[in-house]
Amino acid sequence: ELKSQMGPLKKRSSEQRRAIAALKRRVATLERGLASPQRAGQTSARRLRTNGDTVSVRFSPKWVAADRRRLELSARDYGLLVGVSPLTIYNWEKGKSKPRAKQLAAWAKIRGLGKREALKRLELLES
């Protein structure tokens, strides 16, 4: 008689364990979703107005350093292209400061340049 009563009880227990495991997975997924906006705050995304249009430009210190290495430019030359001092470029790369809206717009314009185009612009700026 005891065995006949234990069968449905075991079945119900295993169903509840599966439900609990599913809920734990859902909570973990939701917590990861909450953590994403917090991480998004670490890199600044600013909205710039250009000719009435709003454009979002994201900034990361790593991107500045990577772009400067890709172009094989010194901080002085890269600063000339952006319109800021070499020290400002170093501070952006180290994450000590972030560009203002005008500087961010200037940086956004040059970050997709190729080496040849960057060198041409440098020659024009220096002459």
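The preceding data block contains the structure.
Everything in this summary refers to the structure shown in the same document. (Residues numbered from 1 in each chain as written. Predicted model: local features only at pLDDT ≥ 70, side-chain atom pairs only at ≥ 80, totals over all residues. Heavy atoms only, no water.)

**Focus on the overall build of the protein chain**
Along the backbone of the protein chain there are six helices and two strands. Beginning at the N terminus, the succession of helices and strands in the protein chain can be written as α-β-β-α-α-α-α-α. Buried positions account for 22% of the 127 residues belonging to the protein chain. A sequence separation of at least 24 residues applies to 58% of the contacts in the protein chain between residues at least 6 apart. Here the protein chain displays about 9,800 Å² of accessible surface, and carbon together with sulfur accounts for 53% of that area. (Helix = DSSP H or I, 4+ residues; strand = E, 2+ residues; numbered from the N terminus. Buried < 20%, exposed > 50% of the residue type's maximum accessible area, 1.4 Å probe, protein only. Contact = heavy atoms within 4.5 Å. Areas by Shrake-Rupley, 256 points an atom, 1.4 Å probe, with all protein chains shown as cover.)

**Digging into the pattern of salt bridges**
Tallied over the full model, the rule gives seven salt bridges. Here Asp-77 and Arg-76 are joined by a salt bridge, their closest N and O atoms 2.8 Å apart. Judged by its relative accessible area of 18%, Asp-77 is buried. Between Glu-117 and Arg-121 there is a salt bridge, and its shortest N-O distance comes to 3.3 Å. Here Arg-121 and Glu-117 lie together in helix H6 (residues 115-126), a separation of four residues that amounts to about one turn. Its relative accessible area of 34% is what places Glu-117 among the partly exposed residues. The partly exposed category is assigned to Arg-121, whose relative accessible area is 33%. Overlapping salt bridges bring together Arg-76, Asp-77 and Glu-126 as one network. (Salt bridge = Lys/Arg side-chain N within 4 Å of Asp/Glu carboxyl O.)

**Some remarks on unusual backbone geometry**
The phi torsion at Glu-72 lies on the positive side, around 55°, for a residue other than glycine. Accessibility expressed as a relative area gives 61% for Glu-72, which makes it exposed.

**Let's talk about the packing of aromatic side chains**
Per the counting criterion, the structure on display carries two aromatic pairs. Here the aromatic rings of Phe-59 and Trp-92 are separated by 6.1 Å at their centres, their planes lie at 80°, and the arrangement is edge-to-face. With Phe-59 in strand S2 (residues 53-59) and Trp-92 in helix H4 (residues 86-94), the pair connects residues that are 33 residues apart, well separated along the chain. Both residues of the pair, Phe-59 and Trp-92, belong to the buried class. Relative to Trp-107, the ring of Phe-59 has its centre 5.4 Å away and its plane inclined at 75°; by these criteria the two rings are edge-to-face. Here Phe-59, found in strand S2, pairs with Trp-107, found in helix H5 (residues 101-110); they are 48 residues apart in sequence, far enough to count as distant. (Phe/Tyr/Trp six-rings, centres within 6.5 Å; stacked < 30°, edge-to-face > 60°.)

**Considering H5**
Within the span of H5, buried status applies to Leu-104, Trp-107 and Ile-110. Considered in projection along H5, the buried side chains sweep an arc of 130° and stay on one side of the axis. Residues of H5 that are exposed and point more than 90 degrees away from the buried face comprise Lys-102 and Lys-109. (Arc of directions from axis to C-beta.)

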